[in-house]
Amino acid sequence: MRRLVAPLALLMSCCVALALPAHADETEEAPAPVHDFLDIVDPTGELGIPEFDAVAAKAQEGDAEAMVLLGVYYAYTETASHDIELAIRWYESAAELGNVDALVNLGRRYLDGDGVDADASKAKDYYTQAASLGSGDGADGLGWIHEHGLGVPVDLEAARTWYQRGAAYGAAWAMFNLGRLYKDGLGVDADAAKAVELFTRAGELGNADAAYEVGMAHLVGFGVKAHDLTAVTWLTRAAEQDHGRAMLELGSAYKAGTGTKKNASAASLWFARAAEQGIAEAQNELGLLYLEGDGVPKSEKRANELFLKAAKQGLALAQYNLAMSYRLGRGVTKNDATAVRILERAVRQENELACVELGLMLLDGDGVKRDRNRARQLLEPAAERGDVVALRTLGDMHLNGWGTASRDGPKALEYYVAAARGGDIPSAAQVGHLLYSGEGGVPRNLTVAVDWFRLAAEGGLPIAQRRLGVLLRDGAGVSRDLVEAYAWFTVAEANGDSRSGEARASLAPRLGRSELARARTRASELQAGKAGTR
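Bear in mind that the values here come from a model prediction, so they are computed numbers and not experimental data.

**Things to note about the side chain of Asp336**
With respect to the helices and strands, the residue Asp336 is situated in helix α18 (residues 336-348). Residue contacts for Asp336: discarding those within four places in its chain leaves Tyr326, Arg327, Met361, Asp366 and Gly367.

Now the structure itself:
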């Protein structure tokens with residue numbers, strides 16, 4: 001959202017009210033107390049503004065700056081003195097005296113319809129008067145009008161010219177908006193370095209949106225060399241000015257340890273502040289922290305509340321997370337049908353996680369009528385993008401003829417291999433199984449099968465550890481090695497595979513005392529993750 005702030009009024013970031021003599025009403029309440037006036041127009045106490053009555057007196061004597069201060073007060077006070085119409089009259093009185101802050105304020109109000117009926121023509125007139133008096137914000141306003149075709153035809157060249165003039169006058173918003181044109185190539189050749197230069201100038205003047213852009217530029221290496229620490233520094237500047245997106249990115253930086261030490265507590269605080277502004281991604285991120293108890297007390301209930309808020313805003317990832325809570329009974333009563341309904345919303349946005357999960361539910365008929373054809377249609381795009389669960393599931397479907405024209409072992413093997421290469425351990429075991437058994441018409445290859453079983457075994461899969469032990473014991477596709485076989489049976493048994501215990505016990509009599517000792521030592525090495533030391 002664009003925010004135009006007049007420079008003088010350090011004041012335009014706050015605002016106030018008192019009655020003009022010509023419109024005074026004897027029944028009107030007494031003016032707000034002095035402390036309320038001072039808190040609004042000078043919250044830091046830096047301006048040294050005199051008492052309210054003195055400012056009111058100066059305004060009635062024709063002091064334009066005092067008029068603006070009163071306009072600020074009446075527009076923004078939260079007391080009974082709030083009177084936007086009176087504020088506008090004070091601004092108009094100051095504008096008639098050529099006060100640029102009043103002119104810019106009125107230009108913005110007529111452009112946005114803030115306290116007055118929107119009128120782009122009037123806004124343009126006020127901005128033009130301000131610009132002619134050397135106001136950078138007035139020039140910026142004219143740039144905005146021409147860029148967006150508000151009461152005039154869209155004219156990016158004119159917009160650029162006005163933004164340049166505003167930037168030359170030192171207006172931070174003009175610098176920022178000119179930077180946007182260079183960033184997006186609007187009416188000019190895109191120039192990332194130029195954009196970042198302008199954002200930096202505006203950010204140094206306190207513009208939060210610009211500080212955010214500088215932070216993101218350093219984060220991703222846009223127009224500058226990527227530098228995480230610099231990115232965090234600029235994002236912090238913006239976040240401390242309540243810039244929601246900066247808070248979100250800063251929370252992510254603390255969560256991941258990007259440009260700063262990992263700090264889940266700090267991440268939660270920034271996510272919470274952004275979530276309060278209604279930023280869906282922050283609500284979802286904060287929900288994940290509550291789900292894990294990371295930096296905040298663990299609370300599945302609170303996590304789901306946050307997922308729901310973000311999901312209602314249409315964030316697909318939050319919809320997926322909320323659906324999984326119903327799928328798993330995580331902080332709510334398990335309800336697959338509800339999970340399906342929520343997943344459908346995320347699927348409409350082509351969220352890959354939701355597509356895969358709904359595909360699995362359709363395959364098994366969980367919470368929905370079984371539909372293996374649609375399951376395959378949902379899984380295939382995810383598989384093409386390398387999702388290992390989708391790849392493995394499609395392998396299962398082709399191997400068993402679920403939702404496919406017929407059983408197809410070679411096609412299943414392709415999916416399993418792709419999933420295994422993506423790091424999926426169960427798929428590596430399936431590749432080994434198909435090459436060992438020749439199921440589904442897959443050509444047998446015991447030597448290669450051993451390699452795949454070994455990969456899955458070293459990945460910690462008990463059934464693959466047992467199968468590898470069998471192959472080593474029998475010398476199938478590999479030289480017989482009873483010591484290594486015993487070791488793998490021992491590891492598989494320790495990992496919960498009872499059949500491996502039987503295989504280990506039956507193998508023990510075939511080993512001598514020294515071989516058993518070596519086998520037990522080897523098993524210890526394997527359990528310690530030293531599979532490759534032999």
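**A look at the nonpolar core**
Ranked by size, the top nonpolar core spans 121 residues in total, and within it Leu70, Tyr74 and Tyr91 carry the most contacts. A total of 10 residues in this core trace back to one element, the largest contributor, which is helix α3 (residues 64-76).

**Some remarks on the environment of Lys122**
Within the element layout of this structure, Lys122 appears in helix α6 (residues 120-132). Separated by 16 residues in sequence, Lys122 and Leu106 place their C-alpha atoms 8.7 Å apart.

**Some words on the pattern of salt bridges**
Pairs can form between side chains of opposite charge whenever their charged atoms are close. Enumeration according to the criterion identifies 24 salt bridges in this entry. We note a salt bridge from Asp366 to Arg327, for which the minimum N-O separation is 3.5 Å. Here Asp366, found in the loop between α19 (352-364) and α20 (372-384), pairs with Arg327, found in helix α17 (residues 316-328); they are 39 residues apart in sequence, far enough to count as distant. Close ionic contact of Arg374 with Glu344 constitutes a salt bridge, the shortest N to O distance being 2.8 Å. Of this pair, Arg374 sits in helix α20 while Glu344 sits in helix α18, and the two are 30 residues apart along the sequence.

**Structural notes on the packing of aromatic side chains**
Scanning the entire structure with this criterion turns up four aromatic pairs. Aromatic side chains Tyr73 and Tyr74 sit 5.4 Å apart centroid to centroid with 70 degrees between the ring planes, which places their arrangement in the edge-to-face category. The pair formed by Tyr73 and Tyr74 is uniform in burial state, with each residue classed as buried. On the basis of an interplanar angle of 20 degrees and a centroid distance of 5.8 Å, the ring pair of Tyr110 and Tyr126 is categorised as stacked. One end of the pair, Tyr110, is in helix α5 (residues 100-112); the other, Tyr126, is in helix α6, and 16 residues separate them in sequence. What makes Tyr110 buried here is its relative accessible area of 8%.

**Remarks on unusual backbone geometry**
At Asp242, a residue that is not glycine, the phi angle is positive and equals roughly 65 degrees. Looking at the secondary structure, you find Asp242 in the loop between α12 (228-239) and α13 (244-256). By relative accessible area, Asp242 is classed as partly exposed at 45%. Its identity is not glycine, yet Glu350 carries a phi of approximately 60 degrees, on the positive side. Along the chain, Glu350 turns up in the loop between α18 and α19. A relative accessible area of 65% places Glu350 in the exposed class.

**Comments concerning the side chain of Thr393**
Within the fold, Thr393 resides in helix α21 (residues 388-400). The exposure class of Thr393 is buried, given its relative accessible area of 6%. In this view, Thr393 contacts Leu360, Leu363 and Leu379; residues no more than four positions away in its chain are not counted.

Conventions adopted
Residues numbered from 1 in each chain as written. Predicted model: local features only at pLDDT ≥ 70, side-chain atom pairs only at ≥ 80, totals over all residues. Heavy atoms only, no water. Helix = DSSP H or I, 4+ residues; strand = E, 2+ residues; numbered from the N terminus. Contact = heavy atoms within 4.5 Å. Core = buried A, V, L, I, M, F, W, Y, C linked by side-chain atoms within 4.5 Å. Buried < 20%, exposed > 50% of the residue type's maximum accessible area, 1.4 Å probe, protein only. Salt bridge = Lys/Arg side-chain N within 4 Å of Asp/Glu carboxyl O. Phe/Tyr/Trp six-rings, centres within 6.5 Å; stacked < 30°, edge-to-face > 60°.

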